[in-house]
Each structure stands twice: as C-alpha cells, then as structure tokens.
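The lines below spell out each chain.
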Amino acid sequence: MKRYIYADNAATTKLSSSALEAMLPWLQSDFANPSQPYSFSRAAKTAIKESRQIIADCIGASSDEIFFTSGGTESDNWAIKGSTISRSIITSEIEHHAVLNSCKAMAVGAADVKYLKPTRDGVILPDELEKNISAASLVSIMLANNEIGTIQTIRELCEIAHARGALFHTDAVQAVGHIPVDVKSLGVDMLSASAHKFNGPKGVGFLYIKSGTPLLPLHDGGSQENGKRAGTENVAGIVGMAVALKENCERMSQTAKRLYCYEELLIDNLSGLDFIRNGGEDHLPGVINLSFKGASGEAILHRMDLKGICISTGSACDSVNTQVSHVVRAIGVPEEYAQGTIRISLGVDNTEEDVIAISTALKQILLN
Ligand code: PLP
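Residues numbered from 1 in each chain as written. Predicted model: local features only at pLDDT ≥ 70, side-chain atom pairs only at ≥ 80, totals over all residues. Heavy atoms only, no water.

Q: Any chance you could explain the overall build of the chain here in plain terms?
A: When helices and strands are tallied, the chain shows 13 helices and 12 strands. Taken over C-alpha atoms, the radius of gyration comes to 21 Å for the chain, in line with the 21 Å a tight globule of 368 residues would show. Considering only C-alpha atoms, the chain reaches an extent of 65 × 55 × 35 Å along its principal axes. Considering the chain as a whole, with its 368 residues, one finds that 54% of them fall into the buried category. By sequence separation, contacts in the chain at least 24 residues apart represent 71% of the contacts at least 6 residues apart. Accessible surface, the chain as shown: approximately 15,700 Å² in total, 53% of it carbon and sulfur. Of the charged side chains in the chain, 33 are positive and 42 negative, and the gap between their average positions amounts to 3 Å. (Helix = DSSP H or I, 4+ residues; strand = E, 2+ residues; numbered from the N terminus. Rg over C-alpha atoms; globule rule 2.2 N^0.38 Å. Buried < 20%, exposed > 50% of the residue type's maximum accessible area, 1.4 Å probe, protein only. Contact = heavy atoms within 4.5 Å. Areas by Shrake-Rupley, 256 points an atom, 1.4 Å probe, with all protein chains shown as cover. Lys, Arg positive; Asp, Glu negative; His and termini not counted. Charge placed at Lys NZ, Arg CZ, Asp CG, Glu CD.)

Q: Can you help me understand the pattern of salt bridges in this one?
A: For side chains of opposite charge, pairing can occur when their charged atoms come near one another. One pass over the full model with this rule turns up 12 salt bridges. In this structure, Asp8 engages Arg343 in a salt bridge whose closest nitrogen and oxygen atoms are separated by 3.0 Å. Of this pair, Asp8 sits in the loop between strand S1 (5-6) and helix H1 (17-27) while Arg343 sits in strand S12 (residues 341-345); the two residues are 335 residues apart in sequence, bridging distant segments of the chain. The class of Asp8 is buried, set by a relative accessible area of 12%. (Salt bridge = Lys/Arg side-chain N within 4 Å of Asp/Glu carboxyl O.)

Q: I'm lost on the environment of Arg277 in this one. Help?
A: On the secondary structure map, Arg277 appears in strand S9 (residues 275-278). Residue classification places Arg277 among the partly exposed positions, given a relative accessible area of 30%. Residues Arg277 and Ser29, 248 residues apart in the sequence, show an inter-C-alpha distance of 50 Å. Of the polar contacts made by the side chain of Arg277, one reaches the side chain of His283; its length is 3.3 Å. Here the side chain of Arg277 touches Val287 through a polar contact of 3.1 Å, landing on its backbone oxygen. (Polar contact = N/O pair within 3.5 Å; in protein donor to acceptor, adjacent residues only side chain to side chain.)

Q: How should H1 be read in this particular structure?
A: Residues lying three or four places apart along an α-helix face the same way, a consequence of the helix completing one turn every 3.6 residues. The complete set of buried residues in H1 reads Ala19, Met23 and Trp26. Buried positions in H1, seen along its axis, are confined to an arc of 45° and lie on one side of it. Turned more than 90 degrees from where H1 packs its buried face, Ser17 and Glu21 sit exposed. On its buried face, H1 sits against helix H2 (39-59) and helix H8 (235-250). (Arc of directions from axis to C-beta.)

Q: I keep staring at the sheet that holds S9 and nothing clicks. Help me out?
A: Strands pair in a sheet through their backbones, by hydrogen bonds, and they do so in one of two ways: parallel or antiparallel. Across the sheet, which stays open at both edges, the three strands sit in the order S9-S10-S12 with antiparallel pairing between neighbours. In this open sheet, the two edge strands, each paired with only one partner strand, are S9 and S12. Ignoring strand direction, the axes of neighbouring strands in this sheet form an average angle of 25°. Sheet topology note: the S9/strand S10 (residues 287-292) ladder contains four bridges and is antiparallel. Opposite Phe275, over in S10, you have Phe292 as the bridge partner. Sheet strands in contact with helix H9 (residues 252-269) are S9, S10 and S12, and its direction is about 15° off that of S10. (Pairing = 2+ DSSP bridges. Axes fitted to C-alpha atoms, helices over the stretch in contact; angles between N-to-C directions.)

Q: Sorry, what's going on with helix H3 (residues 72-81) here?
A: Burial analysis of H3 places eight of its 10 residues in the buried class, which makes it a mostly covered element. Of all the residues in H3, the buried ones are Gly72, Glu74, Ser75, Asp76, Asn77, Trp78, Ala79 and Ile80.

Q: When you look at unusual backbone geometry in this model, what are you seeing that I'm missing?
A: Outside of glycine, negative phi angles account for most residues, and trans bonds account for most peptide bonds. Of note, the phi angle at Glu225 is positive, near 50°, even though the residue is not glycine. Among the structural elements, Glu225 can be located in the loop between strand S8 (205-209) and H8. Exposure remark for Glu225: the relative accessible area of 6% places this residue in the buried category. In this model, Asn226 sits at a positive phi of 60°, which is unusual for a non-glycine residue. Note on placement: Asn226 falls in the loop between S8 and H8.

Q: What's the story with the side chain of Thr213 in this structure? I'm lost.
A: Along the chain, Thr213 falls in the loop between S8 and H8. Judged by relative accessible area, Thr213 falls into the buried class, the value being 8%. Among the polar contacts made by the side chain of Thr213, one reaches the main-chain carbonyl oxygen of Lys210 at a distance of 2.7 Å. Residues within four places of Thr213 in sequence aside, it is in contact with Leu167, Asp189 and Met190.

Q: It is not clear to me how the packing of aromatic side chains should be interpreted in this structure. Could you clarify?
A: Ring pairs (aromatic) are described by centroid distance and by the angle formed between their planes. Counting across every chain of the model gives three aromatic pairs. With a centroid separation of 5.3 Å and 85° between ring planes, the pair formed by Phe31 and Phe40 is classed as edge-to-face. On the basis of relative accessibility, which here comes to 58%, the residue Phe31 falls in the exposed class. A relative accessible area of 38% means that Phe40 is categorised as partly exposed. Ring geometry for Phe67 versus Trp78: centroids 6.0 Å apart, planes at 85°, classification edge-to-face. Of the two residues, Phe67 is situated in strand S2 (residues 66-69) and Trp78 in helix H3; the sequence distance between them amounts to 11 residues. Each member of the pair, Phe67 together with Trp78, is buried. (Phe/Tyr/Trp six-rings, centres within 6.5 Å; stacked < 30°, edge-to-face > 60°.)

Purely geometric numbers; function is a separate question.
Here is the structure:
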C-alpha cells in the first residue's frame, strides 16, 4: 500500500529503478577516479563517454556539446554568468530563481537586465522580445514554466535573438524528459537540464553548449569536461541520468497522453468549485496550476498533507515564502484568487485512483 500520494513531480521525481541499478557499481565496486591513467579508471571514463552520447542523442546534440554539472541551478548560473557577452541580458518575469537571481547578480556587476512580461497564459510573445532586444547580447527564456507548465515558442524567440546577433539560453529543466526537445530545431546556443526532474538522481544535470558558443568556465580547477567545468565527475549520477533520460524519452508520448487524460479527469471532478486554471493551452503534461477563490494555497497544501497527499503552492525552492509566487503575480491572477493557488504535478507513477483521491480531497477541503 502507498504511504502517500505524491503529486509534486515538478519539484522532484522518484529515481527510476533502472537508473538506480545502473548507478550502484559506480558508487562502490567501480569507484575509481575517471581522470587517472590506470586501467581501473578506464571503465568509469568509458561510462561517462557512453552516458554523454546517450544524453546527446536524446536532445539532438553532439556528445562534445554536453557538459555535466551539479544540476539545473548550476547550469543556469553558468550560462548566464559565464557568457562573455552578458553585459546586457533579456529574460522574463516568470523564470526560475536560478535564472532570476543569476541575472540579479549580473545586474550588481553592472549588466543591464530587462524582464519581459508574459501574457495572462504565461506566454512570452515574440513581439515583446522584438521590442526590447536592441541592446541585448544574451537572452534567457525558459522552455517550460515550473509553476504553470506553459511551453514557450523557443524557436521563434531564438530566431529573433539571432537576427540581432544575441545568444540564446533556455532553462529546459522542466521540459527535458517530458516533451520532445531537439536543440537543433530549437536553435538555442545553451540549454539547462536537471536529472532529478526526469526520474534521475538529484545533484546532477547538464548544460548543452552549442559548438563555438563563447562561454567562460564557472569555476576554475582541473581539466574535466574539456577544461570548462572542473571537478571530479559524479560518475554514478551521470550514468543514472543517462539511463533515466533514455527511459523517459522512450515512454514520453505514452506518458504524456495518459497525464493529459488525468488532467481532464481532475478538472471535471472539481466542477462546482470556484477556481481558475492557470497556464497556456500548450503546457507540460500533468502540471495543473489552480487558483481557488477566497482560499489559502498554504492552508490547502497543509490539509492535503494531513490526508497523505503531496502537492505544492508553487516551486519547491519557494516553499518558505508564503507570499503569492512571482509567476502568479506576473501573469496577473486576480487578487481574490491569487492567494488560493496550488500546483498539482502528476508524474509517470500516478494512477487514475490517485487523481480521483486528489480531487475528492480537494472538494472536501474547499467545501468545508
Ligand atoms: N529551473 C527550473 C525551471 C526548475 O524548475 C528548477 C528546479 O525546481 C531549477 C531550474 C533548479 O534545478 P536544480 O534543482 O537541479 O538545481
């Protein structure tokens, strides 16, 4: 029997069994440092090389364009702070704090940062970028939003940036492993991803850097990752990430289809309650952001917790902050609904029974 119903998959996901199994040897029996010249190290070096190729294949990149990092936050920091031309940055109001606070740090260092406003659905319109781009040299706009799930038209935005000679970074942490991501067709120069968002381990991710993109190392040290990201590699994490990503990509369309059906079921079951669903038509499968009139998202979260159901009020990194999230503010959710915002994010392990239990619990809480 389940101990709880987990519906906070945008915060993190459960490690897949095959990823765990693939990781175990690298944590114990094959523990050698991949940078050493003796043969005991060779297996680890080969495992990293194979994992890099698997990941590259999953996103349409070349293996020498994949750089392993400690996760989404590091990848975002690197893309923004390491960009040699990021004296002028354009981003959006609804980015994750890993991007927003990196931009803030760059602004302290005298960079000029502009924040594009989204539509009510959380879409960054190409016209908005066109209007603001004149002085831009780095554009950073997320592929899919972690709170409301809205997917951006990255290819179009990227074309605008490139036409002005700007570089384009996208935070694809919520997208990779959940929707098709092909760096060549998106046209991006840099793309961030994190393993724990696609059933891989925590503390490992990657930054895709298109060949020839000027980017300084984020920190200095040894010659790992082609001299661009120093530090002994997280071999087990890298291997687990590759296995998890490949597995998620192989089952992606099937999972998405099922989760979109669950979304419909959940919304239907909530009929009679006064709420707004936030996010665009084109959104991540399973991400359901709802604002209930006159309610407190915080109180709903705690009452759901008492019923053994894990949901969120926004991004996990923001859970100490009881204010309305910056994303809900930016898209302009009416005040009487904004405080009552919750995020349900379904994942590959959720079932129809989970969805029925979630909607039943929500109705009990909101009607009492
Ligand atoms: N970017 C987005 C859109 C996210 O949702 C997250 C995590 O919530 C991050 C970046 C940070 O990723 P990590 O937890 O791997 O540092």
